[in-house]
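Spelled out from the first residue to the last, the chains are:
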Amino acid sequence: MQRIAMLSFAHVHAMGYARHVVGHPNLEMVCIWDDDPERGQTAAAQFDVPFESDLEATLNRDDVDAVVVNATTNIHRDVILAAVNHGKHVFTEKALAVNLAEAREITAAVQAADIKFMISLPSRIRSETLFAREAIDKGWLGDITLMRARVAHSAALDKWFKGGSLWFGDEELAGGGSLFDLGCHTVDIMRWLLGPPASMVAKIQNYSGAYDIDDQAIAVAEFKSGAMGILDVSWLHRAGPNHIEIYGTEGYLGWDHRPGPVQIQSRKLAADGITGTITPDRLPSALPMPMDQWVAAIETDSPTAITVEDGLNLNEMLEGIYGSARSGRNWEF
């Protein structure tokens, strides 16, 4: 049984993670720390566990084996490093940090420590994403030339963030807006499928004025493989698909991010008598949820499909996108 301290309920997904902890047969929530006492005390009362106002005291507790971090992104570095230095296993909401320098500090600390680490990038575990990885690895699409990915919802149009979640609209606390928050999912998938980036050009926009932060962004990346990527992120999405499309010299693969059937067309498959656009009726099984992978790694030393290096790679991409948008120049990695 792993005894868990919940470190902040700032993030909108914190309640979901807390319920996952409570419902997991091998996890026990033992306390809650929060830099906002009112928020933390409210959560502690709901889950009937003690509230801790001091982070150091929380991490010094003998009954804390691991932590779940849902703090505002600007304090991820301090919170995660403190947990790692106390030898606690760490699960954290994305992004890893507000900037690449802090992400590198966290990565180095995790790599040097004898702990298990997980960053929540759940798009990695989906059957569609795993099928795309398989199709690329097996060469069904030939050499990848272009990937286009859109992810969007109506957060700015409908002013989702208020009260305890208003910090999502504060660049100092959140690191960025629609691209930094929602865009993490497709940015991570693109980096995982296409490899290291070479350069980036981007534009970010505050169209709605709902929050003083970007609510729409477009980025075009060139990867060291020669492939190009188009990232399209928005909090201004009232309706329509969230497509992911991958094009190669031998074919095409695409699906709707939320979720939709995968379609593939490949000249490589035609050699086996399979022609036209195919909608597979069987995809790879989805992987366990990130938190479940983390618990298994703690208890059995099993490998995880998501690593701290993936969090670092995500921050590198985010740095390039915002760096280009703010400077108005091409960003070289």
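In this text, all values refer to a predicted model and were calculated from it rather than measured experimentally. (Residues numbered from 1 in each chain as written. Predicted model: local features only at pLDDT ≥ 70, side-chain atom pairs only at ≥ 80, totals over all residues. Heavy atoms only, no water.)

Looking at the nonpolar core
General note: in soluble globular proteins, nonpolar side chains tend to be found buried as a group. Put simply, the rule reads: Among buried residues, the Ala, Val, Leu, Ile, Met, Phe, Trp, Tyr and Cys ones that are joined through side-chain atoms within 4.5 Å form a nonpolar core. Each residue's exposure class comes from its accessible area (1.4 Å probe, protein chains only) as a fraction of the maximum for that residue type: buried when under 20%, exposed when over 50%, partly exposed otherwise. Think of it this way: any DSSP run of H or I at least four residues long counts as a helix, any run of E at least two long counts as a strand, and we number them from the N terminus. The contact rule is simple, with two residues in contact once any of their heavy atoms fall within 4.5 Å.
The biggest cluster of nonpolar side chains holds 110 residues, and the ones touching the most others in it are M6, I246, L253 and W294. With eight residues, the top contributor of residues to this core is helix α12 (residues 308-327). Not counting the four nearest positions on each side in its chain, L253 is found in contact with F131, A132, A135, L141, I244, E245, I246, V262, Q263 and I264.

Some words on the side chain of R39
Which entries qualify depends on this criterion: Polar contacts here mean pairs of N or O atoms no more than 3.5 Å apart (in protein, one a potential hydrogen donor and the other a potential acceptor; neighbouring residues in sequence count only if both atoms are side-chain atoms).
Its location among the elements puts R39 in helix α2 (residues 37-47). Only 2.7 Å separates the side chain of R39 from the side chain of D34, close enough to count as a polar contact.

Quick word on empty space enclosed by the protein
Definition in use: A 1.4 Å probe that fits into a set of points on a 1 Å grid over the protein atoms alone but cannot get out defines a cavity; an open set with protein on both sides within 12 Å along at least five of seven lines defines a pocket, and lining residues are those with an atom within 4 Å of a point. Grid points are joined across faces, edges and corners, and a volume is the space filled by probe spheres set on the points.
In total, this model carries one cavity of 30 Å³ or more according to the counting rule given. Considering only enclosed or pocket space, the largest cavity measures out at about 70 Å³ in volume. Forming the walls of the largest cavity are H11, T73, K94, A95, W167, F168, A174, G176, F180 and D181.

Some words on unusual backbone geometry
The peptide bond linking K94 to A95 adopts the cis configuration, its omega dihedral lying at -5°. Of note, A95 is situated in the loop between β5 (89-92) and α5 (100-112). Despite not being glycine, D48 has its phi angle at roughly 60°, a positive value. Among the secondary structure elements, D48 is positioned in the loop between α2 and β3 (51-52).

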